[in-house]
Amino acid sequence: MSTPPLASGPQGPDALRTLLDTVLDALREGGRARGGPLPAGGPAAVAERVADAVGDVLPDDGDPDALRTLVTALAAGAADPADPLCAAHLHCPPLAVATAADLAASVLNPSLDSWDQAPSAAALEALVTRTLARTVGLSDALVTTGGTESNQLALLLAREASGGGVRLVCGANAHHSLPRAAWLLGLPDPVVVPAPNGTLDPAALHDALTRLPRPLLVAATAGTTDAGLIDPLPEIAGLCAAHGARLHVDAAYGGGLAFSDRHREKLAGLERAHSVTLDLHKLGWQPAAAGLLAVARPAEFGALHQRADYLNADDDTEAGYPDLLGRSLRTTRRPDILKIAVTLRTLGRTGLGALVDQVCARAREFAALVREHPGFELWDRPDISTVLFRPTGATDDDVAGVRRGLLHEGRAVLGRARLDGRLWLKVTLLNPHTRPDELAVLLKLVEGTTPR
């Protein structure tokens, strides 16, 4: 067997060209075989089809057709976020230009743990992270794998800035990664503040900050995962300032509103935070992963500093070679910044803002369809692009059954959320190409599966 070609180097582009044609054909073939937003038959049927396609995972002799076979199988068994009937999660359909840029990152394969592995990527990351941080009113940012890593980093920086004993105060609506980060970092159990209407209650927060010993880190949310709600950030920021508490805002979902002239005011108060979580693989239309942690005080990144002579020797740093180990908890790390930079330059603030406006408008339109339909109950008007609804008079078991039935048949992907003690169907609209008539089809599908 001849030595297989590499993706980079002088022959890399020619070797890739044929393989990319194979991948694109397989994606198309798999999508046709799927025929909808996700494969029909449920978990057992999908697992069986994948096993049949793969066969022997590690055969003695290789299969030259494996690329086509496995990509076809993956596409046929995928939940396609670009399908208008796939609207359950904060799982965006990535932009073509961002995906193409991601291919270049994979080909070149820089690793951002030392300058000599990623010279241009290191310079690009420094430029882009500062720009994105300023977009939300802060000073600098680190690239992360998403909201979970960003939230963990925020707690770590707060712990180190406070001398090690900070306690997390968060709403009952906070993302599960925040209490988990407190556990991982050996911090005290978080103090959970009520969120009676899906957002953190400022009066309850005031009471907690009044009675609790310092130091404290308050975590607010700009875009909850269940309903896309935004905590009252100006009030929370004022309470933190008055009580000497540090403020972190998890804006993994809602942070993308900063690109929109129409919706940016919903993030008022974000600029008063010490740290902010952002995820551009949500309202940024990037292939995962594309997370960031923005901070007001970049000097706090010093808490992440590590010395490894083979990566950041003192004399190299003194000679002007950047020390990249203090820019992440990870060592090997791919240049996710490239696809982000390409998107920002290609679309600009206006283009990204228009995408944000489109999905928010589709959410309002879908909410209006639900509100006008006598067979459904709407939870509330959407803050961002998430709509919660349920069949009128249905039990929670009925609601869960409707969702699973559509999943099993491969007809639609809806989420679920529990608010006000009841289970709701969740539609998260992140596809700017979704048309109003497709929203009507989605509601009709749900109507056809509701209990009589």
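For the structure itself, look to the data block above.
Residues numbered from 1 in each chain as written. Predicted model: local features only at pLDDT ≥ 70, side-chain atom pairs only at ≥ 80, totals over all residues. Heavy atoms only, no water.

Visitor: Sorry if this is basic, but what is going on with the overall build of the protein chain here?
Guide: For the protein chain, the helix and strand inventory stands at 14 helices and eleven strands. Relative to the 2.2 N^0.38 estimate, which gives 22 Å for 452 residues, the radius of gyration of the protein chain is 24 Å and therefore close to what a compact globule would have. The 452 residues of the protein chain split such that 50% are buried. Summarising the internal contacts of the protein chain: among those between residues at least 6 apart in sequence, 71% fall at separations of at least 24. (Helix = DSSP H or I, 4+ residues; strand = E, 2+ residues; numbered from the N terminus. Rg over C-alpha atoms; globule rule 2.2 N^0.38 Å. Buried < 20%, exposed > 50% of the residue type's maximum accessible area, 1.4 Å probe, protein only. Contact = heavy atoms within 4.5 Å.)

Visitor: How do you make sense of the packing of aromatic side chains when you look at a structure like this?
Guide: The geometry of an aromatic ring pair is captured by the separation of the ring centres together with the interplanar angle, meaning the angle of the planes. Applying the stated criterion across every chain, the model contains three aromatic pairs. Where Trp 115 meets Tyr 321, the ring centres are 5.2 Å apart and the plane angle is 75°; that geometry is what we call edge-to-face. Residue Trp 115 is found in the loop between helix H4 (96-108) and helix H5 (119-135), and its partner Tyr 321 is found in the loop between helix H11 (314-318) and helix H12 (337-372); the two are separated by 206 residues along the sequence. When its relative accessible area of 32% is taken as the criterion, Trp 115 is described as partly exposed. On the basis of relative accessible area, Tyr 321 is assigned to the partly exposed category, the value being 42%. Both rings, one in Phe 376 and one in Phe 389, keep their centres 5.6 Å apart while their planes meet at 70°; by these two values the pair is edge-to-face. Taken together, the residues span a long stretch of sequence, with Phe 376 in strand S8 (residues 376-378) and Phe 389 in strand S9 (residues 386-391) at a distance of 13 residues. Residues Phe 376 and Phe 389 agree in their burial class; the two are buried. One Lys or Arg, Arg 390, reaches over the ring of Trp 424 and ends 5.8 Å from the middle of that ring. (Phe/Tyr/Trp six-rings, centres within 6.5 Å; stacked < 30°, edge-to-face > 60°. Lys NZ or Arg CZ within 6 Å of the ring centre and 35° of its normal.)

Visitor: Just checking my understanding: could you explain a nonpolar patch on the surface for this structure?
Guide: Taken together, the side chains of Val 50, Val 54, Val 57, Leu 58 and Leu 70 present a nonpolar region at the surface, about 470 Å² in accessible area. Position of Val 54 relative to the elements: it lies in helix H2 (residues 42-54). (Patch = residues over 30% accessible without salt bridge, like charges linked within 9 Å, V, L, I, M, F, W, Y side chains within 5 Å. Areas by Shrake-Rupley, 256 points an atom, 1.4 Å probe, with all protein chains shown as cover. Salt bridge = Lys/Arg side-chain N within 4 Å of Asp/Glu carboxyl O.)

Visitor: Quick question: what am I supposed to make of the environment of Ala 290 here?
Guide: Examined against the element boundaries, Ala 290 turns out to sit in the loop between strand S6 (275-279) and strand S7 (291-295). The buried category is assigned to Ala 290, whose relative accessible area is 0%. Leave out the neighbours within four places in its chain, and Ala 290 touches Thr 144, Leu 278, Asp 279, Leu 280, His 281, Lys 339 and Ile 340.

Visitor: Before we go on, may I ask you to explain the sheet that holds strand S2 (residues 167-171) in this structure?
Guide: Two modes of strand pairing occur in sheets, parallel and antiparallel, and in both the strands are linked by backbone hydrogen bonds. Here we have seven strands laid out as an open sheet, ordered S1-S7-S6-S5-S4-S2-S3, and mixed in their pairing. At either margin of the open sheet sits one strand with a lone partner, and together these are strand S1 (140-144) and strand S3 (191-193). The mean inter-strand angle of the sheet, taken between neighbouring strand axes irrespective of direction, is 20°. (Pairing = 2+ DSSP bridges. Axes fitted to C-alpha atoms, helices over the stretch in contact; angles between N-to-C directions.)

Visitor: Would you explain the pattern of salt bridges in this entry?
Guide: A side chain of one charge can pair with a side chain of the opposite charge if their charged atoms are brought near each other. As enumerated under the stated definition, the model contains 24 salt bridges in all. For Asp 65, the salt bridge goes to Arg 68, with nearest N and O atoms at 2.6 Å. On the basis of relative accessible area, Asp 65 is assigned to the partly exposed category, the value being 32%. Judged by its relative accessible area of 31%, Arg 68 falls in the partly exposed class. Between Arg 411 and Glu 409 there is a salt bridge; the shortest N-O distance is 2.9 Å. Under the relative-accessibility criterion, Arg 411 is labelled partly exposed at 35%. We classify Glu 409 as partly exposed; its relative accessible area is 40%. Here the salt bridges do not stand alone but share partners, grouping Asp 102, Arg 334, Asp 336 and Lys 339 into one network.

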